[in-house]
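What follows is each chain in one-letter form.
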Amino acid sequence: MKESVQTLIYVVVAVVCAAFAYGAYTQSQPNTLSDFVKVGEEFYPDFDNPTAAKSLEIFEYDENLATISRFKIEYEDGVWRIPSHHNYPAEAKEELYKVAASLVGVKREALAGRLANSHRRYGVVDPLTEDMTVLKGRGQRIKLTDADGNLLVDYIIGKHPQENDRLYYLRRPDEEETYLVELKLDNISTKFADWIDPDLLQLNSSDLTLLSQQDAKIKMVPVGAGRVMPEKVAEEVITLDKENSQWKLEGLTDDKKELKSTAVNTITTALAGLEYEGVRRKPGGLTGDLKIDQELLPPGVSLQEVIRFLSGGLLPQLQDKGYTVLLDSQGNPQKVEDLQFEIHGEGGEMVVGTRDGLKYYLHFGKTFRGTRRQIQVGDTGTATEDEDASLTDAPDETGEADEDESSEKEDPQNPTSLSRYLMVRVAFDPSLVPGRPTKPTEPKALPPSQDPGEPAIAQRPNAKPTKQQMDQYQADLERYEEDLKTFETKLDGLREEAAEMNQRFADWYYLVSNESYDKLKFTRDEIVQLKSDKPASPPAGMPQGGFPGGGFPGGGLPGGLNFGPSGN
């Protein structure tokens, strides 16, 4: 009996082990040949036209911060914009077509895994998964849609196999299978700077002809009903202009001092290389030239109502970024028509002129410290702000910290840096454009000669210019009129360019690094130095005192060039 029981136990154990072995075998093997039938096929065979893509959306998961970042660029109302960054215009919109082209015709090269339990190993876990326990192995998800919102492609892109930078693990979000694919992902980026032209002013240092720095002193003046408004009472201005390729400092009258060229070069180089790192949408109610849009003020309101109206919306929003609205009027205004406004930044103003007649007005606000993402869009994360703020909006309370409000401890995984708000406007100044033709002077009759030896015709008091003189004048006048017409056409083009540039800046605060700002700020003492007592250095290769021996080799001048009594 005992032997029978023991034998039965052995049989049961053997059957169970066989069942486990068979199950493990079947799980490790493809169920059928159909598992491999998709190999060699395209993921999205209907997507064959990159220009059909009108929206790109990228999702990434930061394992260090356990946060999901979203980047989107889309075509709407004839403009490419970045909704994830305050709907800022995408200036490098051609990059989208490069990305779309790289995603056309992607094929399943080989099957890497069939089941969901392999997703983490291959790095193709959906970054949007709601399973917060999955902290590793999330991939980059990329979606393209057409103008009607129809899906063109949707991929989760994972790791490289064995350091091969052309092969990726990849899967569709609606499939569990992971495949090896070949991709050219050089152009896919979620960096804001890669989708814009970070060169803010787009100018060359050699084209600069005017530099002016202005710092105002402000005081509060009464405007009635117990209210006060800031007014500019003094202003320190430092102006440099270029004349005959040389910079000159206005008001420099001390003969013992001169402009420090190295300091000016530092400023002009910083201007030419000024890049912005982030954007914020300006509140509604400002015109392109940073004046308060008085057309938005309700008609028939009193001065006190206008002040209260502005104080409840626009003014606090500007103050939040370090800007004060100044009264640009004399004395105490008594009615709405007397109110004139201008914007003053606590970081001062700078005027930059170019030989193309473009005059940039740079208004610097307060500092802002934040991470790269916070500098780009603010503390609100993925801000959309599809609609402009209005005069009645509440202050922009985003919790943005300035230099004095930065956190005590720096996160090494997400470092912060200091930037500064900047508002820009552009105007056209034709006086900065060189080459205006000069009108020729009409020839006049010569005054009567006082020399009795001159011919009688020279003695005539009413002598007229000669025909040759008048013919030359007419020819010069026609040339002048033609040149002037050409010049005026050039000015019209430059005037349009200035208007386009101003439109580019009209809706935005920009954030530039505070390091760049420091290079632009200067005092008179910093750009002026005492003149050197040393004589000017001779040209390269020329020894002090001229040629050796005081002249040409052998003394004197070469034969045939001797000047003197015998050298006629």
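Our next topic: the overall build of the protein. The helix and strand tally for the protein stands at ten helices and 21 strands. Looking at the protein as a whole, 39% of its 568 residues are labelled buried. Sequence separation of 24 or more characterises 70% of the internal contacts of the protein that already satisfy a separation of 6 or more. Carbon and sulfur atoms provide 49% of the accessible area of the protein, an area that totals close to 32900 Å².

Our next topic: the side chain of Lys321. Mapped onto the elements, Lys321 comes out in the loop between α6 (314–320) and β15 (323–327). Of note is the side chain of Lys321, whose polar atom sits 3.0 Å from the side chain of Asp320.

A turn of α-helix holds 3.6 residues, and therefore any two residues three or four places apart point the same way. For helix α4 (residues 261–272), with twelve residues, the first-to-last C-alpha span of 16 Å sits near the 16 Å given by 1.5 Å per residue. Within the span of α4, buried status applies to Ala263, Val264, Ile267, Thr268, Ala270 and Leu271. Down the axis of α4, the buried set is contained in an arc of 160°. They therefore lie on one face. The exposed set on the far side of α4, more than 90 degrees from its buried face, consists of Thr262 and Thr269.

Mapped onto the secondary structure, Thr438 falls in the loop between β19 (416–428) and α8 (467–505). Here Thr438 falls in the exposed class, since its relative accessible area comes to 68%. Separated by 42 residues in the primary sequence, Thr438 and Tyr480 have C-alpha atoms spaced 7.1 Å apart.

On the basis of which strands lie adjacent, the open sheet formed by nine strands has the order β4-β3-β2-β1-β6-β7-β8-β9-β5 and antiparallel pairing. The sheet is open, and its two borders are formed by β4 (88–89) and β5 (110–113), each paired with just one other strand. Inspection of the sheet shows strand β2 (residues 67–76) paired to strand β3 (residues 79–82) by three bridges, in the antiparallel sense. Following the sheet pairing, Tyr75 is matched in β3 by Trp80.

With that settled, the discussion passes to helix α5 (residues 303–311). By the burial criterion, the buried members of α5 are Leu303, Val306, Ile307 and Leu310. The buried residues of α5 all sit within an arc of 100° when viewed along its axis, so they share a single face.

As a further point, take the nonpolar core. The biggest cluster of nonpolar side chains holds 76 residues, and the ones touching the most others in it are Leu103, Leu200, Leu271, Met350, Tyr360, Leu362 and Ile527. The element best represented in this core is α8, accounting for six residues. Apart from residues no more than four positions distant in its own chain, Leu362 is found in contact with Leu201, Leu271, Gly348, Glu349, Met350, Val352, Leu422, Met423 and Val424. Counting 22 residues, the second-largest nonpolar core is a separate cluster that includes Ile292, Leu310, Phe368 and Ile375.

Inspection of the secondary structure assignment puts Gly273 in the loop between α4 and β14 (276–281). We classify Gly273 as partly exposed; its relative accessible area is 45%. Put simply, Gly273 and Leu203 are 70 residues apart on the chain and 8.5 Å apart in space, counted from C-alpha to C-alpha.

Here we come to the confidence of the model for the protein. For the protein, mean pLDDT is 80; residues scoring 70 or higher make up 74% of the total. Low pLDDT, under 50, characterises residues 545–568; the stretch is placed with six contacts to residues that sit more than four places away or in other chains.

Glancing now at the pairing of β19. For β19, a buried count of ten out of 13 residues is recorded, marking the element as mostly surrounded by other parts of the structure. Across twelve bridges, the pairing between strand β18 (residues 358–371) and β19 is antiparallel. Looking across to β19, one finds that Gly370 is bridged to Ser417. Strand direction decides the pairing type here: β19 and strand β20 (residues 508–513), joined by four bridges, are antiparallel. Note on β20: the bridge partner recorded for Tyr421 is Leu511.

Looking now at the packing of aromatic side chains. Any two aromatic rings considered together are summarised by their centre-to-centre distance and by the angle between their planes. According to the stated counting rule, one finds 18 aromatic pairs in the structure shown. On the numbers, 5.5 Å between centres and 75° between planes, the contact of Tyr44 with Tyr155 is edge-to-face. A residue pair is termed long-range when its members are at least 10 positions apart, and Tyr44 in the loop between α1 (2–28) and β1 (55–62) and Tyr155 in strand β7 (residues 151–157) qualify at 111 residues. Residue Tyr44 is classed as buried on the basis of its relative accessible area of 13%. Where Phe192 meets Tyr276, the ring centres are 6.5 Å apart and the plane angle is 75°; that geometry is what we call edge-to-face.

You will see that His86, though not glycine, has its phi angle at about 60°, which is positive. If you check the backbone angles, Gln202 has positive phi at about 55° while not being a glycine. For Gln202, the location among the structural elements is in the loop between β9 (178–182) and β10 (208–224). Here Gln202 falls in the partly exposed class, since its relative accessible area comes to 38%.

Reading the values: rules and limits
Residues numbered from 1 in each chain as written. Predicted model: local features only at pLDDT ≥ 70, side-chain atom pairs only at ≥ 80, totals over all residues. Heavy atoms only, no water. Helix = DSSP H or I, 4+ residues; strand = E, 2+ residues; numbered from the N terminus. Buried < 20%, exposed > 50% of the residue type's maximum accessible area, 1.4 Å probe, protein only. Contact = heavy atoms within 4.5 Å. Areas by Shrake-Rupley, 256 points an atom, 1.4 Å probe, with all protein chains shown as cover. Polar contact = N/O pair within 3.5 Å; in protein donor to acceptor, adjacent residues only side chain to side chain. Expected span 1.5 Å × (residues − 1). Arc of directions from axis to C-beta. Pairing = 2+ DSSP bridges. Core = buried A, V, L, I, M, F, W, Y, C linked by side-chain atoms within 4.5 Å. pLDDT = per-residue confidence, 0-100. Phe/Tyr/Trp six-rings, centres within 6.5 Å; stacked < 30°, edge-to-face > 60°.

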